[in-house]
Amino acid sequence: MEAFEQLYREHAGRVFGLCLRMTRDRREAEELVQDVFVKVWEKLGSFRGTSAFSTWLHRVTVNTVIEKLRAQARWRARHDPSADPDTAADSAFANLAGADIDLERAIARLPVQARMVFVLHDVEGNKHREIADMTGLAIGTCKAHLHRARQLLREILSDRMEVTQ
């Protein structure tokens, strides 16, 4: 139990950061951190040690977030067929401490899948094949989402620069 508490203390911040970048919602990210560590507790026996624990934990985290996002998309599709999750505005990110960082705000404004691929590739450093395996998307689709994310970020940040000048 003490060892698990130590793992939690060492890794909870990074898990939270990844969840927050992928969901744009502080409360959702906090819940997901708990979900991740419950899964880690349940699956700790399946950790083979062939990679670093942090790598395995990263994978569990990404899979947990993706499962949650897919479940939310299915719920929205059933209950509000006109809702487009890629264009939904989310102001929760603006309430975060340090949210005045332009890049973080710009990332938060990206469509769900573009943001997910951008975070996994450019922030977390995963390769396209790894992202495709994690998300179930084709490699070409991952590349297209990354291109779209970068293009949108350039537009958002350039618009922001024009406003501040």
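Residues numbered from 1 in each chain as written. Predicted model: local features only at pLDDT ≥ 70, side-chain atom pairs only at ≥ 80, totals over all residues. Heavy atoms only, no water.

## A look at the packing of helix 1 (residues 2-23) against helix 5 (residues 112-123)
The contact between helix 1 and helix 5 brings their axes to 8 Å, and the two run at 140°. Taken together, helix 1 and helix 5 sit at an angle that is classed as oblique. For the pair helix 1 and helix 5, the contacting residues are Leu 18, Arg 21, Met 22 and Thr 23 in the first and Arg 115, Met 116, Val 119, Leu 120 and Val 123 in the second. In terms of residue class, the contact of helix 1 with helix 5 is made up of six nonpolar, one polar and two charged. (Axes fitted to C-alpha atoms, helices over the stretch in contact; angles between N-to-C directions. Helix = DSSP H or I, 4+ residues; strand = E, 2+ residues; numbered from the N terminus. Parallel < 35°, antiparallel > 145°, perpendicular 65-115°, else oblique. Contact = heavy atoms within 4.5 Å. Nonpolar A, V, L, I, M, F, W, Y, C, P; charged D, E, K, R; others polar.)

## Some thoughts on the side chain of Glu 28
Following the sequence through the fold, Glu 28 ends up in helix 2 (residues 26-43). What Glu 28 contacts, discounting residues up to four positions off in sequence, is Thr 23, Lys 68 and Gln 72.

## A short note on unusual backbone geometry
Excluding glycine, residues mostly have negative phi values, and the peptide bonds linking residues are mostly trans. Despite not being glycine, Arg 24 has its phi angle at roughly 65°, a positive value. Tracing the chain through its elements places Arg 24 in the loop between helix 1 and helix 2.

## A word on the packing of aromatic side chains
Overall, the coordinates contain six aromatic pairs when judged by the stated rule. Where Phe 4 meets Trp 41, the ring centres are 4.9 Å apart and the plane angle is 75°; that geometry is what we call edge-to-face. Placement of the pair is Phe 4 in helix 1 and Trp 41 in helix 2, with a sequence separation of 37 residues. Overall, Phe 4 belongs to the buried group, its relative accessible area being 15%. Between Tyr 8 and Phe 37, the aromatic rings sit 4.7 Å apart at their centres with planes inclined by 65°, giving edge-to-face as the arrangement. With Tyr 8 in helix 1 and Phe 37 in helix 2, this pair connects stretches of sequence that are 29 residues apart. The class for Tyr 8 is partly exposed, based on a relative accessible area of 29%. In this structure Phe 37 comes out as buried when scored by relative accessible area, which is 4%. Three or more aromatic residues joined by ring pairs form one cluster here, namely Phe 4, Tyr 8, Phe 37 and Trp 41. (Phe/Tyr/Trp six-rings, centres within 6.5 Å; stacked < 30°, edge-to-face > 60°. Buried < 20%, exposed > 50% of the residue type's maximum accessible area, 1.4 Å probe, protein only.)

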